[in-house]
Amino acid sequence: MTIRTLSIIGTAAALAACSDGTTISEPQFVGPSVTLSFSTRTAGQTRTAGVAPRFALAAADTLEDGVNTLILDQVQIVLREIELERAGAVTCEDGLARDDCEEFEVGPILVDLPLNQGTELTLTVPIDTGSFDEIEFEIHKVDDDDPEDAAFRQAHPDFIGTSIRVRGTYNGVPFTFETDVNAEQEFDLIPPLVIDDMTTTTNVTVRFDVSQWFLDGFQQLVDPASANKGGPNENRVKDNIENSIEAFGDDDRDGDDDHR
C-alpha cells in the first residue's frame, strides 16, 4: 500500500479555507495530481425548505419555510483520513503492504464550507496513474489527548470536542451550533476517477447540502440551538448532516456532478 500524505495543519498559512476567506494557492507537481474541492450547492441550484424556500446568492445561506428564517453565516467542519481507493482494491489491513490498495491521507483539516455557488479548492496532492472508484474520509471530533490532533489543537483550541460549528441567525436571533459527530464516510465514484499518463489535474468535489441540516421530519426548519448537545433535535440534525453528503468527479469545479 502506498500512502501519500500531505500535512497542511502545521502552519496557519497552510489552511485552505480560513475564516477570513483566504485560500492557499495550488502547489505545482511534476506528473498527475488530484484536487479536492468542497461545495454546499450545485450550479444554479435553488434551495428548498418547507413551502416557501429562498436561497440568497450572497455571503450567507438563507432559508425560509413560510414561518421561520434561517441564515447561515459560517459553516466549519473538521475532516481527516481523506483517502482515494484504487478500483478493485480489497480492504487494507494495518501493517500490510498491498499493491492493489493505494491511498492518500490528509488531516485533520478545518474546512470553511463555501455558502455560495460553486466550489472552494482545499488541497492538491500528487497521485499515481490508475483507476480510483471510492473516496473515504472521517468527520472528526477533535480529541484533547490524541497525538495526531496535537498540531490542530494548538491552532484551534476552541475546537476540542467539536467536529462541526455553524454560526448564523434563526428568526433574527444569533446562534452557534456545535456537534461532536464522529463518522466515517465512504462514497463510490461513478464512473471511477481515471488517471493516465495524459492526466495533469483532475478534481473530486465533496458536497455537504447544508440546506438539509436543520429540518424536522416534516421538512420544516428547526432552531439550530435546539440541536446542540442534549437538545431535542440533536440526533435528528446529526442524521441530517450524514445524509446530506455526496462526492463525485467535478473537473470544472462548478459543484455539479460531471456525469449526472
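These numbers were taken from a predicted model, which means no experiment stands behind them. (Residues numbered from 1 in each chain as written. Predicted model: local features only at pLDDT ≥ 70, side-chain atom pairs only at ≥ 80, totals over all residues. Heavy atoms only, no water.)

**Some points on the overall build of the protein chain**
1) Next: Scanning the protein chain for helices and strands turns up two helices and 13 strands.
2) Next: For the protein chain, with 260 residues in total, the buried portion stands at 51%.
3) Next: Here the contacts in the protein chain between residues at least 6 apart in sequence split such that 73% fall between residues at least 24 apart. (Helix = DSSP H or I, 4+ residues; strand = E, 2+ residues; numbered from the N terminus. Buried < 20%, exposed > 50% of the residue type's maximum accessible area, 1.4 Å probe, protein only. Contact = heavy atoms within 4.5 Å.)

**Regarding the packing of aromatic side chains**
1) Next: What the rule picks out here adds up to seven aromatic pairs.
2) Next: Note on Phe 152 and Phe 159: the rings are 6.4 Å apart at their centroids and 85° apart in plane angle, and the pair reads as edge-to-face.
3) Next: Note on Phe 152: relative accessible area 1%, which makes it buried.
4) Next: Members of the aromatic cluster, joined through ring pairs, are Phe 38, Phe 137, Phe 187 and Phe 208.
5) Next: Sitting over the ring of Phe 159, Arg 165 keeps its end group 4.2 Å from the ring centre. (Phe/Tyr/Trp six-rings, centres within 6.5 Å; stacked < 30°, edge-to-face > 60°. Lys NZ or Arg CZ within 6 Å of the ring centre and 35° of its normal.)

**Quick word on the confidence of the model for the protein chain**
1) Next: Predicted confidence across the protein chain gives a mean pLDDT of 79, with 73% of residues reaching 70 or more.
2) Next: Below pLDDT 50 for its whole length, residues 1-27 participates in 63 contacts with residues either more than four positions away or in separate chains.
3) Next: Across residues 46-59 the pLDDT falls below 50, and counting only partners more than four positions away or on other chains, this stretch makes 42 contacts in the model. (pLDDT = per-residue confidence, 0-100.)

**A look at the nonpolar core**
1) Next: Membership of the largest hydrophobic core comes to 47 residues, with the highest contact counts inside it found for Leu 79, Ile 135, Phe 208 and Trp 213.
2) Next: Other than its neighbours up to four places away in sequence, Phe 208 contacts Phe 38, Ser 39, Thr 40, Ile 77, Leu 79, Leu 113, Phe 137, Ile 139, Trp 213, Ser 244 and Ile 245.
3) Next: Listed in part, the five residues of the second largest apolar core include Val 78, Leu 110, Phe 152 and Phe 159. (Core = buried A, V, L, I, M, F, W, Y, C linked by side-chain atoms within 4.5 Å.)

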